[in-house]
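# Chain and residue survey
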Amino acid sequence: MYSNKVMDLFKHPRNIGEIKDADAIGKVGNPICGDLMWVYLKIEKNKKGEEFIKDIKVKTFGCVAAIATSSALTEIAKGMTLDEAEKISKQQVADYVGGLPPPKLHCSVLATDGLKNAIEGYKKKKH
Ligand code: FES
């Protein structure tokens, strides 16, 4: 059913909670199951002057796959530039957790959409 990595991320989720002085906040819901996720980002500039994700935290009310993939997303996205992070795909997240059962593949969309929502909101606010 679930991989060992999924169960580990579900039982010991990484980077859970809020960032009080977040530079960007994303919120996304899955209209089918009603699961919800918030993404908090702390953004800074690297030596090349590109904005990157200095810190990321998530709060997820959802199924095992939603919690594991949103936690995985934080590990994948931390340190990436905003342009790189926007391109993280649901397949990349699913692969990172060692695969998901087909009926649960859609759950990884919550994580990638939540991050995209936060980055888009941040870019709109700035420009
Ligand atoms: Fe809702 Fe997995 S069942 S995100």
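A brief look at the structure comes next. (Residues numbered from 1 in each chain as written. Predicted model: local features only at pLDDT ≥ 70, side-chain atom pairs only at ≥ 80, totals over all residues. Heavy atoms only, no water.)

What follows concerns the overall build of the protein chain. Helix and strand counts for the protein chain come out as five helices and three strands. The order of helices and strands in the protein chain, counted from the N terminus, is α-β-β-β-α-α-α-α. Here the C-alpha radius of gyration of the protein chain, 14 Å, is about what a compact globule of 127 residues would show, namely 14 Å. Along the longest, intermediate and shortest principal axes, the C-alpha atoms of the protein chain span 45 × 30 × 25 Å. Burial analysis of the protein chain (127 residues in total) assigns 45% to the buried set. Taking the intrachain contacts of the protein chain between residues at least 6 apart in sequence as the baseline, contacts between residues at least 24 apart amount to 61%. In the structure as shown, the protein chain presents an accessible area of about 6,700 Å², 54% of it carried by carbon and sulfur atoms. (Helix = DSSP H or I, 4+ residues; strand = E, 2+ residues; numbered from the N terminus. Rg over C-alpha atoms; globule rule 2.2 N^0.38 Å. Buried < 20%, exposed > 50% of the residue type's maximum accessible area, 1.4 Å probe, protein only. Contact = heavy atoms within 4.5 Å. Areas by Shrake-Rupley, 256 points an atom, 1.4 Å probe, with all protein chains shown as cover.)

So, about the pairing of strand β3 (residues 51-61). In this structure, strand β2 (residues 36-45) lies alongside β3, joined through 10 bridges in antiparallel fashion. In the sheet register, Leu41 faces β3, and the bridge partner there is Ile56. Taking the residues that link successive antiparallel strands as the turn, the β2-β3 hairpin has five residues, and the phi of Gly49 there is positive, at about 85 degrees. (Pairing = 2+ DSSP bridges.)

Within the fold, Leu41 resides in strand β2. Spatially, the C-alpha atoms of Leu41 and Thr74 are 9.8 Å apart, while their sequence positions differ by 33 residues. Non-local contacts of Leu41, meaning those with residues more than four positions away in its chain, are made with Ile19, Ala22, Asp23, Ala24, Ile53, Asp55, Ile56, Leu115, Ala118 and Ile119.

Now for the pairing of strand β1 (residues 24-29). Because side chains alternate across β1, one face comprises the buried residues Ala24, Gly26 and Val28, and the other comprises Ile25, Lys27 and Gly29, none of which is buried. Bridge count for β1 against β2 is six bridges, and the pairing is antiparallel. Across the sheet, the residue bridging to Ile25 is Tyr40, located in β2.

Let us now look at the side chain of Ser108. Relative to the assigned elements, Ser108 resides in helix α5 (residues 107-126). Residue Ser108 is classed as buried on the basis of its relative accessible area, which comes to 0%. One polar contact links the side chain of Ser108 to the main-chain carbonyl oxygen of Leu105, over a distance of 2.8 Å. In contact with Ser108, not counting residues within four places along its chain, are Thr69, Lys90, Val93 and Leu100. (Polar contact = N/O pair within 3.5 Å; in protein donor to acceptor, adjacent residues only side chain to side chain.)

Read these as spatial facts, not as claims about activity.
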